[in-house]
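# Coordinate inspection notes
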Amino acid sequence: AQSVAQPEDQVNVAEGNPLTVKCTYSVSGNPYLFWYVQYPNRGLQFLLKYITGDNLVKGSYGFEAEFNKSQTSFHLKKPSALVSDSALYFCAVKPWTGKLIFGQGTTLQVKP
Amino acid sequence: GAGVSQSPRYKVAKRGQDVALRCDPISGHVSLFWYQQALGQGPEFLTYFQNEAQLDKSGLPSDRFFAERPEGSVSTLKIQRTQQEDSAVYLCASSPNRLAGGREELFFGEGSRLTVL
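So, here's what we can say about the structure. Keep in mind that this is a model prediction, so the values were computed, not measured.

### Details of the side chain of Ser112(B)
Structurally, Ser112(B) can be placed in strand β11 (residues 112–116). Excluding its chain neighbours within four sequence positions, the residues that come into contact with Ser112(B) are Gln6(B), Ser7(B), Pro8(B), Arg9(B), Leu21(B), Ala88(B), Val89(B) and Tyr90(B).

Written out as structure tokens, the structure reads:
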């Protein structure tokens, strides 16, 4: 079965520190990989995606993600967290012609 | 409009009532998706349209759920005889690409929060 795992329900970091939100997946073939962010009572907003090429992809708001094929992971990172980054983050994978499959989400809490 | 628009934003229904949720995708977007997001969970796929054709409805949880997109633009998700377990946020998303969106990211609406009492 195709699935996405976000092993941490919540990640807590201090403002200014680097952050990592983990994601691993189990999907056949070479899927497309995405990160979305959700603020309270809002829809999902696209952050970044990996299609092919460089394993490190850069996205909105200073976020980046590293694709690791051997570990089937796509961790979200940011060098210096902001309080305003506090939100719910979803990793998602998409087989080439299939539907987007989401993880359960990780709440990021950045404290001043 | 500039983005995906969903209405109503909030809906309270008594158990057994029928509800209809509307999605107005970005103009010209070929692919349209409905997802269900239960509290504290990730979105779960319900159904997919390519233009007016419903190509995948494998995620619809029961025959009480029905979706349509008759003219290939606006879509309606209908839930008949609502149950408490139907309480969730229903998200609509669209993409300019065929192939279930292909490599393009999906553009999501803000969702319709359904509460069944």
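### Side note on the side chain of Thr82(B)
Turning to its location among the elements, Thr82(B) is positioned in the loop between β8 (75–79) and β9 (88–95). If sequence neighbours within four positions are ignored, Thr82(B) has contacts with Ala13(B), Lys14(B), Arg15(B), Gly16(B), Gln17(B), Val19(B), Arg64(B) and Val116(B).

### Focus on the pattern of salt bridges
Applying the stated criterion to the full structure yields eleven salt bridges over all chains. Among the salt bridges present, the one from Glu105(B) reaches Lys49(A), with a minimum N-O distance of 3.0 Å. Taken together, the residues span two chains, with Glu105(B) in the loop between β9 and β10 (107–108) and Lys49(A) in strand β6 (residues 44–50). Taking the relative accessible area as the measure of exposure, Glu105(B) reaches 14% and is therefore buried. Judged by its relative accessible area of 23%, Lys49(A) falls in the partly exposed class. As a salt-bridge pair, Asp56(B) and Lys99(A) come within 3.7 Å of each other at their nearest N and O atoms. Taken together, the residues Asp56(B) in strand β6 (residues 53–56) and Lys99(A) in the loop between β10 (87–94) and β11 (101–102) connect one chain to another. On the basis of relative accessibility, which here comes to 29%, the residue Lys99(A) falls in the partly exposed class. Look at the salt bridges and you will find they share partners, linking Arg42(A), Arg9(B) and Glu110(B) into a network.

### Here we look at the nonpolar core
Residues Trp35(A), Leu47(A), Leu48(A), Phe74(A), Leu76(A) and Tyr89(A) are the most contacted members of the largest nonpolar core, which totals 28 residues. When contributions to this core are tallied by element, the ones reaching two or more residues are β2 (10–14), β3 (19–21), β5 (32–38), β6, β8 (64–68), β9 (73–78), β10 and β12 (106–111) of chain A. Not counting chain neighbours up to four residues away, the residues in contact with Leu48(A) comprise Leu33(A), Phe34(A), Trp35(A), Val57(A), Lys58(A), Gly59(A), Phe63(A), Glu64(A), Ala65(A), Phe74(A) and Leu76(A). Formed by 20 residues, the second largest nonpolar core is a distinct cluster that contains Trp34(B), Leu46(B), Leu60(B) and Leu114(B).

Thresholds, definitions, all that
- Residues numbered from 1 in each chain as written.
- Chains lettered and ligands numbered in written order.
- Predicted model: local features only at pLDDT ≥ 70, side-chain atom pairs only at ≥ 80, totals over all residues.
- Heavy atoms only, no water.
- Helix = DSSP H or I, 4+ residues; strand = E, 2+ residues; numbered from the N terminus.
- Contact = heavy atoms within 4.5 Å.
- Salt bridge = Lys/Arg side-chain N within 4 Å of Asp/Glu carboxyl O.
- Buried < 20%, exposed > 50% of the residue type's maximum accessible area, 1.4 Å probe, protein only.
- Core = buried A, V, L, I, M, F, W, Y, C linked by side-chain atoms within 4.5 Å.

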